[in-house]
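# Coordinates in review
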Amino acid sequence: MTRPIIIDTDPGQDDAVAILLALASPELDVVGITAVAGNVPLPLTEKNARIICELAGRPDMKVFAGASRPMVRDLVTAEYVHGKTGLDGPDLPEPTMPLQDQHGVDFIIETCRRQKITLCALGPLTNVALALNRAPDIASNIEEIVIMGGGLFEGGNTTPAAEFNIYVDPHAADVVFRSGIPIVVMPLDLTHTALTSRARVEAFRAIGTGPAIATAELLDFFERFDVEKYGTEGGPLHDPNVIAYLLKPELYKGRHINLEVEISSELTMGMTVADWWGVTKRPANCTYMRYVDDAGFFDLLIERIGKL
Ligand code: BDR
Ligand code: CA
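What comes next is a walk through the structure. These figures come from a predicted structure and were not determined experimentally. (Residues numbered from 1 in each chain as written. Chains lettered and ligands numbered in written order. Predicted model: local features only at pLDDT ≥ 70, side-chain atom pairs only at ≥ 80, totals over all residues. Heavy atoms only, no water.)

## A few points about the sheet that holds strand β7 (residues 252–257)
- On the basis of which strands lie adjacent, the open sheet formed by eight strands has the order β3-β2-β1-β4-β5-β6-β10-β7 and mixed pairing. The open sheet is flanked by β3 (63–65) and β7, the only strands paired with a single partner. With direction set aside, neighbouring strand axes in the sheet form an average angle of 25 degrees.
- As paired elements, strand β1 (residues 3–9) and strand β4 (residues 117–121) share four bridges and run parallel to each other. Bridge assignment links Ile7 to a residue of β4, and that residue is Cys120. (Pairing = 2+ DSSP bridges. Helix = DSSP H or I, 4+ residues; strand = E, 2+ residues; numbered from the N terminus. Axes fitted to C-alpha atoms, helices over the stretch in contact; angles between N-to-C directions.)

Right, dumping it as structure tokens:
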């Protein structure tokens, strides 16, 4: 049986690779893709989502534009990581497939009311939180929310305390982590061990198909920022872990813990206060993944994207 998912995303090179992995995987039924403002503003994230669908040979995919700004705070973007377009690297054509008329948040609500669904959250959690606030009844149909975001042992990548997706909309993250819905988190602690390398990037290029070569070019561009920042051989490939977890959960190890989001202090705004050691009595509200079999993860990516 295929698993129905909605991908909520702010592409972003790593979001793009996650979308390609999902569209290449017969176990998943991508019911729709909702774009959110994050790495770059909404007009670019929704366009980038359509560019990637066309790259995957899926111009029939439904792409929706959701929130153009966080719930409370001003939008913070990350062109310094992803480039001006959000998808800098490959030279990909402008999309010709249409953007859906319906608002992304309305699409999430309507879909969740109709069927059981898994939400894959690859960007700030604004769309998901707005849907839950407006239609709390949808929670019972959401089987799982798998989130790329946060960090404990690694600290933050946007401030010393906060990871980008949570920092951009901490109030949305707070709504989601308080929702009671089963949540799986892919934090920086894990994604910073899923690093690209020359061999891994060249393995994509060697496949020789359009999507695989574009993946290599996306990664060439994406890794440069983190290679310089962290002094590692490659850069962390964050968002595809969300999709890979749905395909091969055995690649991941974590703990069922409590996680709360800082929304008061400006200094630590968006920090994910993850109780890994169980030092509070606060009830567990997520599975916090800490370890990934990175070789297995890249094997999966190369195998699947190679089939597109
Ligand atoms: C997250 O922020 C974005 O830059 C990436 O796409 C990823 O979702 C990593 O902190
Ligand atoms: Ca992202």
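Next comes the rest of the account.
## Overview of the coordination of the calcium ion (ligand 2)
- The coordination sphere of the calcium ion (ligand 2) contains the protein donors Asp10 (OD), Asp15 (OD), Asp15 (OD), Leu122 (O) and Asp239 (OD), at a distance range of 2.2 to 2.5 Å.
- Asp10 sits in the buried class, given a relative accessible area of 0%.
- A relative accessible area of 1% places Leu122 in the buried class. (Donors = N, O, S within 2.8 Å, 3.2 Å for Na, K, Ca; no water. Buried < 20%, exposed > 50% of the residue type's maximum accessible area, 1.4 Å probe, protein only.)

## Notes on unusual backbone geometry
- For the peptide bond that leads from Pro11 to Gly12, omega is -5 degrees, which places it in the cis range.
- Tracing the sequence through the fold places Gly12 in the loop between β1 and α1 (13–23).

## Here's the deal with the packing of aromatic side chains
- Counted under the stated rule, the structure contains seven aromatic pairs.
- Note on Phe153 and Trp277: the rings are 6.5 Å apart at their centroids and 85 degrees apart in plane angle, and the pair reads as edge-to-face. Taken together, the positions of Phe153 in the loop between β5 (142–148) and α6 (164–168) and Trp277 in the loop between β9 (272–274) and β10 (286–292) put the pair 124 residues apart, joining distant regions of the chain.
- With relative accessibility at 36%, the residue Phe153 sits in the partly exposed group.
- Directly above the ring of Tyr167 sits Arg73, whose terminal nitrogen or CZ lies 5.5 Å from the centroid.
- Of note, Arg224 hangs over the ring of Phe221, and the distance from its end group to the ring centre comes to 4.1 Å. (Phe/Tyr/Trp six-rings, centres within 6.5 Å; stacked < 30°, edge-to-face > 60°. Lys NZ or Arg CZ within 6 Å of the ring centre and 35° of its normal.)

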